[in-house]
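Single-letter residue listing:
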Amino acid sequence: MRTDMDAVEEVKSRISLEDVVSEYVQLKRAGRNFKGLSPFSAEKTPSFMVSPEKQIWHDFSSGKGGNVFSFVMEMEGLDFKGALEHLARKAGVDLSQYQSGRTAETGKLKERLYQAHEVAARFYQVQFSKNQAALEYIFKKRQFTKEIALQFRIGYSPNNGSALCDYLKTKGFNDKELQQAGLMTKSYRGDMFRGRIQIPLQDAQGRVIGFTARLLEDDPNAPKYLNTPQSPLYDKGRHVYGLHLAKDAIREKKYAVLVEGNLDVIASHQAGVREVVATAGTALTEMHLKTLGRFTNDLRLAFDQDKAGLAATERAIPIASKVKVSLSMITVPEGKDPDDLVRKDPDAWVRVIEQNQYALDWLLERYSSLLDISSAQGKREFSDIMLAVIRRLDDQVEQDHYLGRIATMLGVSVDAMRSKMADAQTLQPVLKKSKAEPVKIDKNLIELNKIQDHLMALCLMRPSLRGHMQHILPEMLPNEQAGALMRYLREHPDFDGKLTRSKELQTLADYIKIVSLQYETLYQDLEDIELQYEATRLQIRLIETYVKTKKAELAAQMRESDDAASGALLADAKKYDELLRHTKEVLDAR
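Residues numbered from 1 in each chain as written. Predicted model: local features only at pLDDT ≥ 70, side-chain atom pairs only at ≥ 80, totals over all residues. Heavy atoms only, no water.

1. Description of the overall build of the protein
Looking only at helices and strands, one finds 25 helices and 14 strands in the protein. For the protein, the proportion of its 590 residues judged to be buried stands at 49%. For the protein, the accessible surface area stands at approximately 28,900 Å², while carbon and sulfur atoms represent 50% of it. (Helix = DSSP H or I, 4+ residues; strand = E, 2+ residues; numbered from the N terminus. Buried < 20%, exposed > 50% of the residue type's maximum accessible area, 1.4 Å probe, protein only. Areas by Shrake-Rupley, 256 points an atom, 1.4 Å probe, with all protein chains shown as cover.)

See the structure below:
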């Protein structure tokens, strides 16, 4: 039976890394390799390398690297399965051949539904070009350009009952497929959408997965908007509208703006502000934030500041804390939504985006203006609302900060706030202990990975430098593959770096290719004495960074420990200092 690994190898054999990368990065030949500007940072000197021979890429500015799958995962915000499906389509590989039973059937069904939605989108676009009322609504009332209407594939659904379904049946689709796609109603087997502007919902790769349909003329007896129902393709709890057109701008700007309506997104993109996306109304979910978190951790909400918007913000803040993204609010001038503001004053829209306010601070200010916090009732209501949000934060330091702010605002003690929150606690243990300054430690992680990889590149390609692995412990290396390679090199000191000579290293093949590419780029033209100096420098820096990180962890633990435990932790800290001192002495004696 053919397996998923067979599918991976088949995709690899049909597609070249440099062709895929060149769709995102302008590459220029640099010897046997290609070089370009990093897509992950705003650099001016190219440090992004692609090796056609090894089918490996490495970005020296961020320390990221890997194969064609990891590159697509980074650029498209996909998991491995999504990257495999994306590249399989590009390579013309039918993944159903490598799947069995229900999985293969599901894959084939989804592909049919993608095809049906694509045909439907084209049908709606043609109908839009023929309907005068729809054209006037989009181009005159909404003031969209023809270019933006084409870019977002705006269409129109005829109001005659079954025009779309009849057309799709001529293309080979049956009733069951159309119902599963959400294009046909189950009750009388007619079109799901009639007499409405059609806005295609597209996934992060631009494939149509559903539609938002808006009435041309408001009717009190009919909903203004209709969305595709839940289907094998469309899940409103996961879908982020406009992401396929916004992801490059989000990556460049390093933040994303979330609005409520699809038309708000279109208006903003027309004004040149393209880092804007939307969710289904204000129902922001964990999956929405995780999806956007693959591109940036700076998310800015431009929701209406009404009751629904406030409730949405209250729900979103703990979710953002859980998935480790920073959530802030954009305050649109009173009486306007983003669409109104963009059309009247695009520059003002840019300004309010840049004047974002951290969500919890915004919520505190908003409720303090809505409630009389000088009265006993106002204090109770205010603390009820804010403590319900704060108790669900993941970070203890942030909890303590806002407990102090609320206490100050209400003129009560922090202990009173803690007591009230503890009494009302129902969802999780209050004030759980944090894990010792993760933000501070994370700042060293990129640097630590770079040092690790550069040292392993030297030790792999130059056996004479492998003595510099002395005093390096596996736990000092943040990458497990680096640790595995170091153990192998210690056990096989004469290994010459050629993968074909060791079956044990096949699982480390991509990592070895990455570090060998780094060696070729950075070190292969240096003299032996220069390589010795560089290996010594990297060894010291690796141990110094490791010691700094461990001491930061110990310091945080000591703040939460009793005297006896603190003594033991202090002894551990001295051991790390001794390790660093001894290593420097050994190297100085060489």
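2. Overview of the sheet that holds strand 9 (residues 225-227)
Strand order in the open sheet formed by four strands is 6-7-8-9, with antiparallel pairing between adjacent strands. Looking at which strands have only one partner, the edges of the open sheet turn out to be strand 6 (155-157) and strand 9. The sheet shows a mean angle of 35° between the axes of neighbouring strands, direction not considered. The pairing of strand 8 (residues 208-215) with strand 9 spans three bridges and is antiparallel. When the sheet's bridge partners are listed, Arg214 is paired in strand 9 with Tyr225. Packing of helix 11 (residues 262-270) onto the sheet brings it into contact with strand 7 (196-202), strand 8 and strand 9, and relative to strand 7 it is tilted by some 75°. (Pairing = 2+ DSSP bridges. Axes fitted to C-alpha atoms, helices over the stretch in contact; angles between N-to-C directions. Contact = heavy atoms within 4.5 Å.)

3. Some details on the environment of Ile543
When you line up the elements, Ile543 lands in helix 24 (residues 528-559). Overall, Ile543 belongs to the buried group, its relative accessible area being 0%. For the pair formed by Ile543 and Leu473, sequence separation is 70 residues and the distance between their alpha carbons is 9.2 Å.

4. Some details on the packing of aromatic side chains
Scanning the entire structure with this criterion turns up 14 aromatic pairs. Centroid distance Trp57 to Phe71: 5.5 Å. Interplanar angle 75°. Geometry classified as edge-to-face. Of the two residues, Trp57 sits in strand 4 (residues 56-59) while Phe71 sits in helix 3 (residues 68-76), which places them 14 residues apart along the sequence. For the pair Trp57 and Phe71, one class covers both residues: buried. (Phe/Tyr/Trp six-rings, centres within 6.5 Å; stacked < 30°, edge-to-face > 60°.)

5. Re the packing of helix 12 (residues 286-293) against helix 13 (residues 307-323)
Where helix 12 meets helix 13, the axes come as close as 10 Å, and the angle between the chain directions of the two elements is 45°. In terms of orientation, helix 12 lies oblique with respect to helix 13. Where helix 12 crosses over helix 13, the two elements pack in a sense that is right-handed. From helix 12, Glu286, Leu289 and Lys290 reach across to helix 13, where they touch Ala316, Ile319, Ala320, Lys322 and Val323. Broken down by class, the residue content of the contact of helix 12 with helix 13 amounts to five nonpolar, no polar and three charged. (Parallel < 35°, antiparallel > 145°, perpendicular 65-115°, else oblique. Left-handed = near helix turned anticlockwise from the far one by under 90°. Nonpolar A, V, L, I, M, F, W, Y, C, P; charged D, E, K, R; others polar.)

6. Concerning the environment of Ser38
The residue Ser38 is located in the loop between strand 2 (33-36) and strand 3 (48-51) in this model. Under the relative-accessibility criterion, Ser38 is labelled buried at 6%. The sequence separation of Ser38 and Phe60 amounts to 22 residues, and the corresponding C-alpha distance is 8.3 Å. Setting aside anything within four residues of it in sequence, one finds Ser38 in contact with Glu43, Phe48, Asp59 and Ser61.

7. Some points on the sheet that holds strand 1 (residues 28-30)
Ordered in space as 1-2-3-4-5, the five strands form an open sheet in which the pairing is antiparallel. In this open sheet, the two strands that pair with only one neighbour each are strand 1 and strand 5 (65-66). Bridging between strand 3 and strand 4 involves four bridges; their strand directions are antiparallel. Within the sheet, the bridge partner assigned to Met49 lies in strand 4 and is His58. Against the sheet, helix 3 makes contact with strand 3, strand 4 and strand 5, and its axis sits at roughly 45° relative to strand 4, the strand it touches most. Against the sheet, helix 23 (residues 509-522) engages strand 2, strand 3, strand 4 and strand 5, with an angle of about 60° to strand 4.

8. Brief notes about the pattern of salt bridges
When their charged atoms lie close together, side chains carrying opposite charge are able to pair. Counted under the stated rule, the structure contains 29 salt bridges. Glu76 is the salt-bridge partner of Lys247, the closest N and O atoms lying 1.9 Å from each other. A residue pair is termed long-range when its members are at least 10 positions apart, and Lys247 in helix 10 (residues 243-253) and Glu76 in helix 3 qualify at 171 residues. Two residues, Arg380 and Asp384, come together in a salt bridge whose shortest N-O distance is 3.7 Å. Of the two residues, Arg380 and Asp384 are both situated in helix 17 (residues 376-390); the distance of four residues between them amounts to about one turn of the helix. Judged by relative accessible area, which is 34%, Asp384 ranks as partly exposed. (Salt bridge = Lys/Arg side-chain N within 4 Å of Asp/Glu carboxyl O.)

9. Thoughts on the pairing of strand 7
Side-chain direction in a regular strand flips from residue to residue, so the side chains alternate between the two faces of the sheet. Within strand 7, seven of the seven residues are buried, which leaves the element mostly enclosed by the surrounding structure. Taken together, the three bridges between strand 6 and strand 7 define a ladder with antiparallel strand orientation. Within strand 7, the position partnered with Tyr156 by the bridge is Ile197. Note that strand 7 and strand 8 share seven bridges and pair antiparallel. By the bridge assignment for strand 8, Gln198 is matched with Ala213. The hairpin turn running from strand 7 into strand 8, its antiparallel successor, is five residues long, and Gly206 in that turn takes a positive phi close to 90°.

10. With respect to the nonpolar core
The tendency in soluble globular proteins is for nonpolar side chains to be buried side by side. Judged by nonpolar contacts, the single largest core of 59 residues is most densely connected at Ile154, Ile197, Val257, Ile266 and Trp349. Looking at this core element by element, the count peaks at nine residues for helix 5 (residues 101-130). Not counting the four nearest positions on each side in its chain, Ile197 is found in contact with Phe128, Ala134, Tyr137, Ile138, Ile154, Gly155, Tyr156, Thr212, Ala213, Arg214 and Leu216. Formed by 46 residues, the second largest nonpolar core is a distinct cluster that contains Ile319, Ala320, Leu327 and Ala407. (Core = buried A, V, L, I, M, F, W, Y, C linked by side-chain atoms within 4.5 Å.)

11. A few points about helix 3
Judged by how many residues are buried, helix 3 sits mostly within the fold: seven of nine residues are covered. Every buried residue belonging to helix 3 is among Val68, Phe69, Ser70, Phe71, Val72, Met75 and Glu76, and all of these are buried. Capping of helix 3 at its N-terminal end is provided by Asn67; its side-chain oxygen lies 3.0 Å from the backbone amide nitrogen of Phe69. Once helix 3 finishes, Gly77 follows within two positions and takes phi at roughly 65°, a positive value. (Polar contact = N/O pair within 3.5 Å; in protein donor to acceptor, adjacent residues only side chain to side chain.)

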